[in-house]
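Examination of the molecular architecture
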Amino acid sequence: MNRNEEYDALLRELENTPKALETAVEKALKREKALRNRRLIVRPAASLVACFLGFILLVNVFPPFARACGSVPVLRELAKAVCWSPSLSAAVENEYVQPIGKSQTVNGITATIEYVIVDQKQVNIFFTLEGDYKNLTGEMLELYPEQKCSRSVNNFMEPPGSLLRYTLNYVDEDVPGSFTMTFSVTTYKEMDLEERPPEQSWEDEMLQPNEVREPEILAEFSFDLEFDPDFTAKGEIIPVNTSFDLDGQTLTVTEAEVYPTHTRVKIRGAEENTAWLKGVKFYMENEKGQIFEPISNGVSAIGDSDSPAMLSFHLESPYFAESKHLTLHITQVEWLDKELDRVRVDLNRGYMDRKIEGVRVFSADHREGGWLLSLEVKRIKENHSFSVFSSTYYDAQGNEYHMDSQASSSGETPEYFREELPLKGYHEDAVWLVPLYSHRTDCSPSVTVPIK
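Residues numbered from 1 in each chain as written. Predicted model: local features only at pLDDT ≥ 70, side-chain atom pairs only at ≥ 80, totals over all residues. Heavy atoms only, no water.

Thoughts on the sheet that holds strand 7 (residues 164–170)
Two orientations exist for strands paired in a sheet by backbone hydrogen bonds: parallel and antiparallel. Pairing in this open sheet of five strands is antiparallel, and the strands run 1-2-3-7-6 from one edge to the other. Of all strands in the sheet, those with a lone pairing partner are strand 1 (98–106) and strand 6 (149–154), marking the two edges. Neighbour to neighbour, the strand axes of the sheet diverge by 20° on average, direction disregarded. Two strands pair when backbone bridges link them, and strand 6 and strand 7 are joined in this way by six bridges, in the antiparallel orientation. (Pairing = 2+ DSSP bridges. Helix = DSSP H or I, 4+ residues; strand = E, 2+ residues; numbered from the N terminus. Axes fitted to C-alpha atoms, helices over the stretch in contact; angles between N-to-C directions.)

In structure tokens, the structure reads:
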């Protein structure tokens, strides 16, 4: 179904439009005429931009409209896409979307780049895959010319026609004006019954070597994308340079970067500090009382390449809120003592030689496949678990090993959870783990930092 067919289908669905919506499409078309001189990536798609965005607003505001959109596949997926992220939802509501509409068909599979949401530091690419398979996955994409950015995918084993997403985050460089993206498409099949391993305990299963089964590549696609400079230039850097002392350490909020898709707050620890800054719990508030929470679906922080410290922390964006004033509220800080580079665990005795706040060894079970180390960890909020140690660990000789998985489960009480660390093929009596933090400091009252 192309864009014109989707539009016609939507109009048929809305024959019984509520009175408040009777002129919505007409108004959207009039607005579109006023925007015709605005340069967009693909001219054929530009004629439906205003209607498309108007539909999204109506989906969020009017339940009858949302129900009507439910039978139009792309619009239904688009409505879902703008709901999981407050920042992207606000971007869509403010017509901050570039429709693409580029399609290719290879080996019976059709890939369509539907639209992008882009600013100076982030690119969100939304696309669909269609084909006669139970599930389709877009594998990690390659970019030409090569880009210095982190890449994440949100598209594993989805039914054909689902709205999928690639996200690119740039740190030291800005989003370029264009690039070529290339990716392959695969499908994943359940193991045949005769291929399934014999039943075993979950402990032994966690210690089994992972058999990597490369999925068959069904098709490969390459798309040239060009971004409107009006979008890639969007962003505001706000100097802050406010310092405060906490738990014997000095921290400085150096600046805030506000983009349409997210906000970055940079916090640097003083060189004389005895602990690295590893995390913060905080939120931003404007003069209207609107709260902007940390990013929960995407990159939440960026670390220092020369130390274990984290330097940049991400929140939802106040870009479209027209805020005159912004204040940062810090409620908790997570530290890693600089001298605490590794923790030795005596696996026979179940003993850690150095303390990590809220963590103790629950059990260490030596099995044929290696050691299964179980930790009891105090929760920092209800139904929330997190990693205590890195996936890297060492033996007494300093040889490096890597965990290919970790797991968490319920503890004996709701205040605790279990972190299960499978040390596959490891049979030494002691192991050296790399901690991700050592302790936390609660801020009561919260530390407030004026941003602007």
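Structural notes on unusual backbone geometry
Along the chain, Tyr 144 connects to Pro 145 via a cis peptide bond; the corresponding omega equals -5°. Following the sequence through the fold, Pro 145 ends up in the loop between strand 5 (142–144) and strand 6. Residue Pro 445 follows Ser 444 across a cis peptide bond; omega there is 0°. Residue position: Pro 445 is located in strand 27 (residues 439–450). At Asn 107, a residue that is not glycine, the phi angle is positive and equals roughly 55°. One can find Asn 107 in the loop between strand 1 and strand 2 (109–118). The exposure class of Asn 107 is exposed, given its relative accessible area of 61%. (Buried < 20%, exposed > 50% of the residue type's maximum accessible area, 1.4 Å probe, protein only.)

Some points on the pattern of salt bridges
Inspection of the entire model under this criterion finds eleven salt bridges. A salt bridge links Arg 151 to Glu 146; the shortest N-O distance between them is 2.4 Å. Using a relative accessible area of 22% as the deciding quantity, one classes Arg 151 as partly exposed. Owing to a relative accessible area of 58%, Glu 146 belongs among the exposed residues under this scheme. The salt bridge partner of Arg 349 is Asp 346, with a shortest N-O separation of 3.9 Å. Residues joined in a network through salt bridges with shared partners are Asp 204, Asp 365 and Arg 367. (Salt bridge = Lys/Arg side-chain N within 4 Å of Asp/Glu carboxyl O.)

Here's the deal with the confidence of the model for the protein chain
Averaged over every residue, the pLDDT of the protein chain is 82; residues scoring 70 or more account for 79%. Taken element by element, the predicted model of the protein chain shows its lowest mean pLDDT in helix 3 (residues 43–46) (34) and its highest in strand 11 (residues 249–258) (98). (pLDDT = per-residue confidence, 0-100.)

Observations regarding the side chain of Thr 232
Along the chain, Thr 232 falls in helix 9 (residues 229–232). Classification of Thr 232 as buried rests on a relative accessible area of 13%. Ignoring sequence-local partners within four residues, the contact set of Thr 232 consists of Val 118, Asp 119, Gln 120, Val 175, Pro 176 and Phe 227. (Contact = heavy atoms within 4.5 Å.)

What about the sheet that holds strand 21 (residues 370–378)?
Read across the sheet, four strands follow the order 20-21-25-24 without closing on themselves; strand pairing throughout is antiparallel. Each end of this open sheet is capped by a strand with a single partner; those strands are strand 20 (359–367) and strand 24 (407–410). Ignoring which end each strand starts from, the neighbouring axes of this sheet average 25° apart. The sheet contact formed by strand 20 and strand 21 spans eight bridges and is antiparallel. Bridge pairing in strand 21 places Arg 367 opposite Gly 370.

Considerations on the environment of His 384
Structurally, the position occupied by His 384 is in the loop between strand 21 and strand 22 (389–394). In sequence terms His 384 and Tyr 416 are 32 residues apart; their C-alpha atoms lie 9.6 Å from each other. In contact with His 384, not counting residues within four places along its chain, are Arg 379 and Phe 417.

Notes on helix 7 (residues 86–93)
Turning to helix 7, its buried residues number three or more, namely Ser 87, Leu 88, Ser 89, Ala 91 and Val 92. Immediately beyond the C-terminal end of helix 7, within one or two residues, lies Glu 95, with a positive phi of roughly 60°.

Looking at empty space enclosed by the protein
Taken as a whole, this structure holds four cavities of 30 Å³ or more when the rule is applied. Quantified by volume, the largest cavity comes out at close to 180 Å³. As for the largest cavity, its lining consists of 19 residues, and the residues nearest its centre are Gln 122, Thr 261, Ile 295, Asn 297 and Gly 298. By residue class, the composition of the lining of the largest cavity is four nonpolar, 13 polar and two charged. (1 Å grid on protein atoms, 1.4 Å probe; cavity = no way out; pocket = protein on both sides within 12 Å on 5 of 7 lines; lining within 4 Å. Points joined across faces, edges and corners; volume = space filled by probe spheres on them. Nonpolar A, V, L, I, M, F, W, Y, C, P; charged D, E, K, R; others polar.)

Here we look at the pairing of strand 8 (residues 178–186)
A regular strand places its side chains so that they alternate between the two faces of the sheet. In terms of burial, strand 8 is largely enclosed, as seven of its nine residues are buried. Here strand 4 (residues 137–138) pairs with strand 8 via two bridges, running antiparallel. Bridge pairing in strand 8 links Thr 137 to Thr 186. Sheet analysis places strand 5 next to strand 8, joined by three bridges and oriented antiparallel. Residue pairing across strands places Tyr 144 opposite Thr 180, the latter belonging to strand 8. Pairing of strand 8 with strand 9 (residues 217–226) involves nine bridges; the strand directions are antiparallel. Considered in strand 9, the bridge of Phe 179 is made with Leu 225.

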